[in-house]
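Results of the structural survey
Listed here are the chains, written in short residue letters.
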Amino acid sequence: MAPIALTAPVPGASTVDMLVATTREPSGDPATLFSGERDANTFLTDVAVSIPPDTARKSGTVQWPRKLPPDPTKEFAVTRVRQLQTLDEAKSWFLQHDVEGNAFVFVHGFNNRYEDSVYRLAQIVHDSDVKATPVLFTWPSRANVFDYNYDKESTNYSRTALEDILKKLSDAPKVKSITILAHSMGTWLTMETLRQMGIRDGNVPAKIENVILASPDIDLDVFAKQFVEMGHKRPKFTIFVSQDDRALALSSFISGDVSRLGAIDPSAEPYRSQLERAGITAIDLTKVKSEDGLHHGKFAESPQIVQLIGTRLATGQTLTDSDISVGTGIAAVVAGTARNVGNVAAVTVSAPVSMLENPMPTPKKKKVVGETLATDVPTPVKIK
């Protein structure tokens, strides 16, 4: 994370500017900035990441420095790090980097260092060509596979901090819409935060229009309760799932063999009907090839999927053609313009991507997304 000084512009290179909010403890080392331990404060940092020319990299990948300092002609490199001391500084930063009033908030997943999340968001923003201001929320992960429970508790620790960031974005007059992209365990943090906002305020702020949950590491029944308890006015939800996600298989084992939302087959009943009734779009990436051995990061490593996020959802672009073709079917789902999930034809994105359209034989009875997806929010008990 130590910034390098560019003596001259790199031909073909680009820069991603982002605002990073974190509940991590400062490390005292400019090479890492923040550790995996928790801090009671929320720190804001202005970060710029240089991305090498497209001729020197493969879309969907992060070119990590092989040695320090990094070579910006071939590798990702941090070119600016500036700690923001006040809220006014953060507001000023946002005004300077405002992109059409759209904010794009990324919440990373399990086993991530501070720099992992910074570089991943830079990659997503660049490869998707998203027309929005990037905001990263990074919570205290120890980046160790044996610290699963610590990481999970760190997401709970960070709920109010993320809520505060989302509220400040929603209250900013310049911000017109907010899209949240959360991955893995970060989806738990996101859902808990939105649920907390719904309970506290009666609803989720209207500016939070879209929520994308990639490989959501959430118990099915718990997700159903979180979804309902947000209130009646909810954002549009899109979930990316994959039945070959090995990380979620391990999570299921750790959690007592409880099915995870990100590993369901959304084309099979009862998932298909329940998701459709709830207005939740599910896109199955099982057959999309990935260089990730755990098959847990397909949403960011598939160039077509990440471009889809940027051009169709985060920018608010819509499709109006009611005759959805193979080429635009998946985009219609992500953009939320398909009249219902059942209208969308099966499509192909690099490799076959199974959608909710293809009927499947009804499987044996299994754990399902709870019936609470279709119920009203219970009336809270008043304590006198």
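Above this text sits the structure in question.
**Describing the sheet that holds strand 1 (residues 14-26)**
The 9 strands are arranged 3-2-1-5-4-6-7-8-9 in an open sheet whose pairing can be described as mixed. The open sheet has two edge strands with one neighbour each: strand 3 (77-84) and strand 9 (281-284). Neighbour to neighbour, the strand axes of the sheet diverge by 20 degrees on average, direction disregarded. Contacting strand 1, strand 2 (34-51), strand 3, strand 4 (102-107), strand 5 (133-138) and strand 6 (177-183), helix 2 (residues 114-128) crosses the sheet at an angle of about 150 degrees to strand 1. Of the strands in this sheet, strand 1 and strand 2 are in contact with helix 3 (residues 148-157), which crosses strand 2 at around 90 degrees.

**With respect to the environment of Ala 21**
Note on placement: Ala 21 falls in strand 1. Sequence spacing of Ala 21 and Phe 43 is 22 residues, and the spatial spacing of their C-alpha atoms is 5.6 Å. When near neighbours in sequence (up to four residues on either side) are disregarded, Ala 21 contacts Thr 42, Phe 43, Leu 44, Leu 136, Phe 137, Thr 138 and Ile 165.

**Looking at the environment of Phe 237**
Inspection of the secondary structure puts Phe 237 in strand 8 (residues 236-241). Overall, Phe 237 belongs to the buried group, its relative accessible area being 2%. With 41 residues separating them in the primary sequence, Phe 237 and Ala 278 have C-alpha atoms 9.4 Å apart. Ignoring any residue separated from it by four or fewer positions in sequence, one finds Phe 237 in contact with Met 191, Leu 194, Val 211, Leu 213, Phe 227, Met 230, Gly 279, Ile 280 and Thr 281.

**Details of the pairing of strand 6**
Among the 7 residues in strand 6, 7 count as buried, and that is most of the element. The alternating pattern of strand 6 places Ser 177, Thr 179, Leu 181 and His 183 on one face and Ile 178, Ile 180 and Ala 182 on the opposite face, and all of these are buried. The pairing of strand 4 with strand 6 spans 6 bridges and is parallel. Within the sheet, the bridge partner assigned to Phe 104 lies in strand 6 and is Thr 179. Handedness of the crossover is the feature at issue here: the chain leaves strand 6, passes through helix 5 (residues 185-201), returns alongside strand 7 (residues 208-214), and the resulting connection is right-handed.

**A short note on the side chain of Gln 123**
Among the secondary structure elements, Gln 123 is positioned in helix 2. A polar side-chain atom of Gln 123 sits 2.4 Å from a polar atom in the side chain of Arg 120.

**What to know about unusual backbone geometry**
Of note, the amide linkage connecting Leu 68 to Pro 69 takes the cis form, showing an omega dihedral of 0 degrees. You can see Pro 69 is positioned in the loop between strand 2 and strand 3. Its identity is not glycine, yet Leu 33 carries a phi of approximately 70 degrees, on the positive side. Phi at Glu 100 is positive, roughly 55 degrees, even though this residue is not glycine. Counting through the fold element by element, Glu 100 comes out in the loop between helix 1 (87-96) and strand 4.

**With respect to the packing of aromatic side chains**
Tallied over the entire structure, the rule returns 8 aromatic pairs. Measuring from ring centre to ring centre gives 5.5 Å for Phe 34 and Phe 43, while their planes differ by 45 degrees; the resulting arrangement is tilted. Assessed through its relative accessible area of 5%, Phe 34 is described here as buried. Ring centres 5.6 Å apart and planes at 70 degrees place the aromatic pair Phe 227 and Phe 237 in the edge-to-face group.

**Some points on the environment of Phe 223**
Tracing the chain through its elements places Phe 223 in helix 6 (residues 220-229). A sequence separation of 38 residues divides Phe 223 from Leu 261, and the C-alpha atoms of the two residues are 7.7 Å apart.

Cut-off values and rules
Residues numbered from 1 in each chain as written. Predicted model: local features only at pLDDT ≥ 70, side-chain atom pairs only at ≥ 80, totals over all residues. Heavy atoms only, no water. Pairing = 2+ DSSP bridges. Helix = DSSP H or I, 4+ residues; strand = E, 2+ residues; numbered from the N terminus. Axes fitted to C-alpha atoms, helices over the stretch in contact; angles between N-to-C directions. Contact = heavy atoms within 4.5 Å. Buried < 20%, exposed > 50% of the residue type's maximum accessible area, 1.4 Å probe, protein only. Right-handed = clockwise from strand over helix to strand, strands pointing away. Polar contact = N/O pair within 3.5 Å; in protein donor to acceptor, adjacent residues only side chain to side chain. Phe/Tyr/Trp six-rings, centres within 6.5 Å; stacked < 30°, edge-to-face > 60°.

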